[in-house]
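Below, each chain spelled out in residue letters.
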Amino acid sequence: MPPIPGSGLAKGLAVTLRTMTKKTVTEQYPDVQPELPPRTRGVIGLFEENCTVCMLCARECPDWCIYIDSHKETVPAAAPGGRERSRNVLDRFAIDFSLCMYCGICIEVCPFDALFWSPEFEYSETDIRDLTHERDKLREWMWTVPAPPALDPGAEEPKELAAARKTADKLAAQREAAEQESAEREAAPRDTARPEQEGRE
């Protein structure tokens, strides 16, 4: 059966009329900020205290957009007769977001949780050279990283928390034992002094 002349136009007008009667869903950005999903890949935040300058993120980056500079410092021995150690100190950590393809490999390979996704996305620049952000800016974005979701009620406790709790309990037990021992020492001379006083009387 051949199509009725003008049926395509009628269908198009029907779609237009249906759309005209619906409520608009346009978000008035930038006056109204969008509600982004918690796992939005905006920018990468740096938690500098956790960085050991292992260079894994820079080596694994497929775009080579991470720049890291460091130097070595000698750490004195912790105990007498011990050996001095050397450690890497971070001098520069920068990411060129004009090259970054937001794959997240650097975050996944970081063994010490120094890199995190931030939902921040308002960092456009008029000059492409200004898209290379240094560690100070990356540190600022760290505070926009959302908190991790809560564990399931029946989930196993993370190993880090279990180890920290075990260490805290051990230190508390040592402190309690030291306090008890010092209390016994204070009480011991008084008990030995009483028989001598009774004998003299």
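One can find the structure itself at the top, above this paragraph.
Residues numbered from 1 in each chain as written. Predicted model: local features only at pLDDT ≥ 70, side-chain atom pairs only at ≥ 80, totals over all residues. Heavy atoms only, no water.

A.B. asks: How would you summarise the overall build of the chain if you had to cite specific residues and measurements?
C.D. replies: Helix and strand counts for the chain come out as 5 helices and 5 strands. The N-to-C order of helical and strand elements in the chain reads α-β-α-β-β-α-β-β-α-α. Computed over C-alpha atoms, the radius of gyration of the chain comes to 32 Å, more than 25% over the 17 Å expected from 2.2 N^0.38 for 201 residues, which places it beyond the range of a compact globule. Along the first, second and third principal axes, the C-alpha set of the chain runs to 130 × 45 × 35 Å. Expressed as a percentage of the 201 residues in the chain, the buried residues total 19%. With 25 positive and 36 negative side-chain charges, the chain shows a separation of 4 Å between the mean positions of the two kinds. (Helix = DSSP H or I, 4+ residues; strand = E, 2+ residues; numbered from the N terminus. Rg over C-alpha atoms; globule rule 2.2 N^0.38 Å. Buried < 20%, exposed > 50% of the residue type's maximum accessible area, 1.4 Å probe, protein only. Lys, Arg positive; Asp, Glu negative; His and termini not counted. Charge placed at Lys NZ, Arg CZ, Asp CG, Glu CD.)

A.B. asks: Summarise unusual backbone geometry; cite the residues concerned and give the values.
C.D. replies: For the bond running from Tyr29 to Pro30, omega is 10 degrees, close enough to zero to count as cis. Assignment of secondary structure puts Pro30 in the loop between helix H1 (7-21) and strand E1 (43-46). Although it is not a glycine, Tyr102 sits at a positive phi angle of roughly 60 degrees. Turning to its location among the elements, Tyr102 is positioned in the loop between strand E3 (85-96) and helix H3 (105-109).

A.B. asks: Describe the nonpolar core, naming the residues involved and giving the relevant values.
C.D. replies: Of all hydrophobic cores here, the largest spans 26 residues; its most connected members are Ile44, Ile66, Ile68, Phe93, Ile95, Phe97 and Leu115. Broken down by secondary-structure element, the contributors of at least two residues to this core are E1, helix H2 (56-60), strand E2 (66-75), E3, H3, strand E4 (115-118) and helix H4 (135-142). Those residues in contact with Ile68 that sit more than four places away from it in its chain are Val53, Met55, Cys57, Ala58, Leu90, Arg92 and Phe93. (Core = buried A, V, L, I, M, F, W, Y, C linked by side-chain atoms within 4.5 Å. Contact = heavy atoms within 4.5 Å.)

A.B. asks: Can you break down the layout of surface pockets residue by residue, with the values?
C.D. replies: A volume near 520 Å³ is recorded for the largest pocket. Lining the largest pocket we find 13 residues, and of these Phe116, Trp117, Val145, Pro146 and Pro148 sit closest to its centre. Ranked by residues supplied to the lining of the largest pocket, first place goes to E4 with 3 residues. Classifying every residue of the lining of the largest pocket by side-chain character gives 10 nonpolar, no polar and 3 charged. (1 Å grid on protein atoms, 1.4 Å probe; cavity = no way out; pocket = protein on both sides within 12 Å on 5 of 7 lines; lining within 4 Å. Points joined across faces, edges and corners; volume = space filled by probe spheres on them. Nonpolar A, V, L, I, M, F, W, Y, C, P; charged D, E, K, R; others polar.)

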